[in-house]
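# Observations on chain architecture
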Amino acid sequence: MRRPIIAGNWKMFKTVPETRAFFDALIPEIQNVEHCDIAVAPPFTAIAAAVEEADGTRVAISAQDVHWKAEGAFTGEVSVKMLVDSGCEYTIIGHSERRQFFSETDETVDLKTRAAIAGGLNAIVCVGETLTERDAGQAAEVVRRQVTRGIGQLTSSDLSRIIVAYEPVWAIGTGRTATPEVAAEMHAEIRRILADIYGAATADGMRILYGGSVKPENISALMSKEDIDGALVGGASLDPASFASIIKYERGAGGPIGG
Ligand code: PGA
């Protein structure tokens, strides 16, 4: 049984005081939640405050990116060791905004993922096609390439620390969510790709999140799909009330987690 996880990606939002205010509002709302793991990815500057605020709660803190080298002359970058030292348990890797605007490639995703795992972080590795690729009928092919090159060379024990996030680029920040059916179809495809590389049993145990305009209104339908094991939430994770209501999505009898 795969344990669901709801992760918030704040992108370039929130100062330290805003981070503290967010946790002050969120924590009382989710105190009794036991059905899923929870993670929040603030910007680097707010990680220390977030770790402090989340201490003793069920919320784990994630970075939004990481460099693969241990240290060195890499102005502007942050290493795995620095993140672990700050109290991070997760990092996002290969977000489509990094791929689109900051030259992230499948090769750097591979390097970052291996460094993250070796250094003790859990990695949320993002894949997903653009609208042009989807319209050209290339969605599955693009995602296969991203999965194979980005996380295709790991060991089975590494994989227990990997979470895949399927985020169709056309659904991110656009208000245009993939329908649960379209998302579920790609999640099943990703699981087949993982099974081709690592075998069915390993692929079955891996968590695959959906991301792209997830909101309180659509989370339950998404989570009712067998291969959707959670969500990576951008815009709707900035508001504590809306993030709390996503975390507390309705769990139907036919859903992936039962009661
Ligand atoms: P969104 O972002 O929920 O604002 O669409 C998701 C993401 O980019 O992780």
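See the structure printed just above.
Residues numbered from 1 in each chain as written. Predicted model: local features only at pLDDT ≥ 70, side-chain atom pairs only at ≥ 80, totals over all residues. Heavy atoms only, no water.

Quick look at the site of the ligand now. Surrounding the ligand, one finds 14 residues, the nearest of these being Lys11, His95, Glu167, Gly173 and Ser213. Taking His95, its side chain carries an N or O atom lying 2.6 Å from an oxygen atom of the ligand. Taking Ser213, its main chain carries an N or O atom lying 2.7 Å from an oxygen atom of the ligand. For the ligand, whose accessible area on its own is 280 Å², the fraction buried by protein is 95%. The residue inventory of the shell around the ligand, partitioned by class, reads five nonpolar, seven polar and two charged. (Near = heavy atom within 4 Å. Polar contact = N/O pair within 3.5 Å; in protein donor to acceptor, adjacent residues only side chain to side chain. Areas by Shrake-Rupley, 256 points an atom, 1.4 Å probe, with all protein chains shown as cover. Nonpolar A, V, L, I, M, F, W, Y, C, P; charged D, E, K, R; others polar.)

Right, let's get into the nonpolar core. Formed by 67 residues in total, the largest nonpolar core has its most connected members in Ile6, Phe23, Val59, Ile162, Ile190 and Leu194. At seven residues, the largest contribution of residues to this core is made by helix 9 (residues 180–198). Contacts of Val59, omitting those with residues within four sequence positions, involve Phe23, Leu26, Ile27, Ile30, Ile38, Val40 and Ala54. One finds Ala60, Tyr90, Ile163 and Ala165 within the second-largest nonpolar core, a separate group that totals 13 residues. (Core = buried A, V, L, I, M, F, W, Y, C linked by side-chain atoms within 4.5 Å. Buried < 20%, exposed > 50% of the residue type's maximum accessible area, 1.4 Å probe, protein only. Helix = DSSP H or I, 4+ residues; strand = E, 2+ residues; numbered from the N terminus. Contact = heavy atoms within 4.5 Å.)

Running from N to C, helix 5 (residues 106–118) and helix 7 (residues 139–151) cross one another at 40°; their axes reach a closest spacing of 7 Å. Our classification of the angle between helix 5 and helix 7 gives oblique. Regarding helix 5 and helix 7, the two cross each other, and that crossing is right-handed. Facing Asp106, Glu107, Val109, Asp110 and Thr113 of helix 5, the residues of helix 7 in contact are Arg145, Gln146, Arg149, Gly150 and Ile151. Split into classes, the residues belonging to the contact of helix 5 with helix 7 amount to two nonpolar, three polar and five charged. (Axes fitted to C-alpha atoms, helices over the stretch in contact; angles between N-to-C directions. Parallel < 35°, antiparallel > 145°, perpendicular 65-115°, else oblique. Left-handed = near helix turned anticlockwise from the far one by under 90°.)

Considering all chains together, one arrives at 21 salt bridges under this definition. The closest approach of N and O atoms between Glu52 and Arg20, which form a salt bridge, is 3.3 Å. Of this pair, Glu52 sits in helix 2 (residues 44–54) while Arg20 sits in helix 1 (residues 16–30), placing them 32 residues apart in sequence. For Glu52, a relative accessible area of 53% gives the class exposed. One network of salt bridges, with partners in common, ties together Arg2, Arg191, Asp227 and Asp229. (Salt bridge = Lys/Arg side-chain N within 4 Å of Asp/Glu carboxyl O.)

By convention here, two paired aromatic rings are described through the distance between centres and the angle between planes. A complete count under the given rule lists six aromatic pairs for this structure. Each ring, one from Phe22 and one from Phe23, has its centre 5.3 Å from the other, and the planes form 80°; the classification is edge-to-face. Its relative accessible area of 1% is what places Phe23 among the buried residues. Connected via pairs of aromatic rings, a cluster forms that spans Trp10, Phe22, Phe23 and Phe243. Sitting over the face of the ring of Trp10, Lys14 holds its NZ or CZ atom 5.3 Å from the ring centroid. It is Arg98 that lies over the ring of Phe102; its NZ or CZ is 4.1 Å from the centre. (Phe/Tyr/Trp six-rings, centres within 6.5 Å; stacked < 30°, edge-to-face > 60°. Lys NZ or Arg CZ within 6 Å of the ring centre and 35° of its normal.)

The next thing to look at is the environment of Ala165. Structurally, Ala165 can be placed in strand 6 (residues 162–166). Note on Ala165: relative accessible area 0%, which makes it buried. Sequence-wise, Ala165 and Val125 are 40 residues apart; in three dimensions their C-alpha atoms are separated by 5.8 Å.

The analysis is restricted to geometry; functional conclusions fall outside its scope.
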